[in-house]
Amino acid sequence: MRLNSVLLIIIALLFSMSVSAAEIVVRHNNVDKDSPRDYWPVELLNMALSYDTSNTYRIEGFGEAVNQERLKAMVKEGSLSIMWIGTSKEVEQEFRPIRVPLFKGLLGHRIFIIREGDQARFSRVNTMSDLLKLQAGQGRFWSDTPILESAGIDVVKPVKYINLFHMLDGGRFDYFPRAVHEPWSEVNRDPSLSLQIESD
């Protein structure tokens, strides 16, 4: 499934930073340093700021995982300088986008995480009508959630990302669409959950 959402780095209209005599502190949203997928935007930010030879930067991550709405509020209030989230017209009216395709469009190509034992059920999905009989799980505030809903897909929408895996395992919905670079590390992260990557 292809979604037309583009991952952007979104920066506050007034680039809010703490400045000292020789150092500018840039605060970004929480990332998992053990995940190349999560830490890649931080490395890109480091590289971009390294070209400014007139200033010294200290990049700090906010240590707590928060949902997308909280991230936006934190940028507005100045406790974060920058964030990277999926974009929408509404987001770009509130913030200044820096248009860097962080994952070169991979976010729009989807693979499903499903429950173990459900592969035969998904192998019978050959049309959009077949897919519409199943229920997806997505974050409530994610920019691609309205895209799925506008296509007629029934979406269960918890606030917290981590809850999606437990809810899928518990049968609250049928599949969790993930970008093609995401599901392997996510499925392997918690072997207590009976999840697998859809293979068709």
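Residues numbered from 1 in each chain as written. Predicted model: local features only at pLDDT ≥ 70, side-chain atom pairs only at ≥ 80, totals over all residues. Heavy atoms only, no water.

I'm lost on the overall build of the protein in this one. Help?
Counting its regular elements, the protein contains eight helices and eleven strands. For the protein, buried positions account for 42% of its 200 residues. Of all intrachain contacts in the protein linking residues separated by at least 6 positions in sequence, the fraction that spans at least 24 positions is 68%. Working note: accessible area of the protein is about 10,900 Å², and carbon and sulfur atoms make up 51% of it. (Helix = DSSP H or I, 4+ residues; strand = E, 2+ residues; numbered from the N terminus. Buried < 20%, exposed > 50% of the residue type's maximum accessible area, 1.4 Å probe, protein only. Contact = heavy atoms within 4.5 Å. Areas by Shrake-Rupley, 256 points an atom, 1.4 Å probe, with all protein chains shown as cover.)

Sorry, what's going on with helix α7 (residues 161-169) here?
In an α-helix there are 3.6 residues to a turn, and that puts residues three or four apart on one side. Considered for burial, the residues of α7 that qualify are L164, F165, M167 and L168. The first or second residue beyond α7 is G171, which carries a positive phi of 85°.

Explain helix α2 (residues 68-77) to me, please; I cannot follow it from the model alone.
Every buried residue of α2 is listed here: Q68, L71, K72, M74 and V75. Looking straight down α2, one finds its buried side chains confined to an arc of 160°; they lie on one side. Seen from the open side of α2, the exposed residues pointing more than 90 degrees away from its buried face are K76 and E77. Buried residues along α2 sit against β5 (82-86) and α3 (89-94). One side-chain oxygen of the residue at the start of α2 lies 3.0 Å from the amide nitrogen of E69, identifying that residue as N67. The positive-phi residue at the C-terminal boundary of α2 is G78, with phi of around 95°. (Arc of directions from axis to C-beta. Polar contact = N/O pair within 3.5 Å; in protein donor to acceptor, adjacent residues only side chain to side chain.)

Help me understand the pairing of strand β7 (residues 110-115) in this model?
Side-chain direction in a regular strand flips from residue to residue, so the side chains alternate between the two faces of the sheet. Counting buried residues in β7 gives six out of six residues, a clear majority hidden from the surface. As paired strands, β7 and strand β11 (residues 195-197) are joined by three bridges and run antiparallel to one another. Pairing of R115 across the sheet is with L195, part of β11. (Pairing = 2+ DSSP bridges.)

Which parts of the structure should I look at to understand the nonpolar core?
Side chains of nonpolar character tend, in soluble globular proteins, to be buried together. I113, L164, F165, L168, F173, F176 and L195 are the most contacted members of the largest nonpolar core, which has 14 residues in total. Going through the elements one at a time, β7, α7 and β11 are the ones with two or more residues in this core. Here this core gets four residues from one element, more than from any other, and that element is α7. Ignoring sequence-local partners within four residues, the contact set of L164 consists of G137, Q138, G139, W142, P158, F173 and F176. One finds V42, L45, L49 and W84 within the second-largest nonpolar core, a separate group that totals eleven residues. (Core = buried A, V, L, I, M, F, W, Y, C linked by side-chain atoms within 4.5 Å.)

Would you explain the side chain of R110 in this entry?
Take R110: it is sitting in strand β7. Relative accessible area serves as the criterion here: at 9%, R110 is assigned to the buried category. Polar contacts involving the side chain of R110 include one to the side chain of D144, which spans 2.6 Å. A polar contact of 3.4 Å, which involves the side chain of R110, links it to the backbone oxygen of P177.

Got a minute to help me understand the confidence of the model for the protein in this structure?
Residues of the protein with pLDDT of at least 70 account for 87%, and the chain-wide mean is 84. A low-confidence stretch, residues 1-21 stays under pLDDT 50, and its non-local contacts, those more than four residues away or across chains, total 76 contacts. (pLDDT = per-residue confidence, 0-100.)

Any chance you could explain the packing of aromatic side chains here in plain terms?
Each aromatic ring pair is summarised here by two numbers: the centre-to-centre distance and the angle between the ring planes. Going through the model one piece at a time under the given rule, you end up with seven aromatic pairs. Summarising the aromatic geometry, the rings of W142 and Y161 are spaced 6.4 Å apart at their centres and angled 40° between planes, so their arrangement reads as tilted. You can see W142 sitting in the loop between β8 (135-137) and α6 (145-150) and its partner Y161 sitting in helix α7, a full 19 residues away along the chain. For W142, a relative accessible area of 19% gives the class buried. Judged by its relative accessible area of 25%, Y161 is partly exposed. For the ring pair F165 and F176, a centre distance of 5.2 Å and an interplane angle of 70° mean the geometry is edge-to-face. Within this pair, whereas F165 is found in helix α7, its partner F176 is found in strand β10 (residues 175-179), the two being separated by eleven residues in sequence. Look at F176 and you get buried, because its relative accessible area is 0%. Through a chain of ring-to-ring contacts, three or more aromatic side chains come together here, namely W142, Y161, F165 and F176. The ring centre of F165 lies 5.0 Å from the NZ or CZ of R189, which sits over that ring. (Phe/Tyr/Trp six-rings, centres within 6.5 Å; stacked < 30°, edge-to-face > 60°. Lys NZ or Arg CZ within 6 Å of the ring centre and 35° of its normal.)

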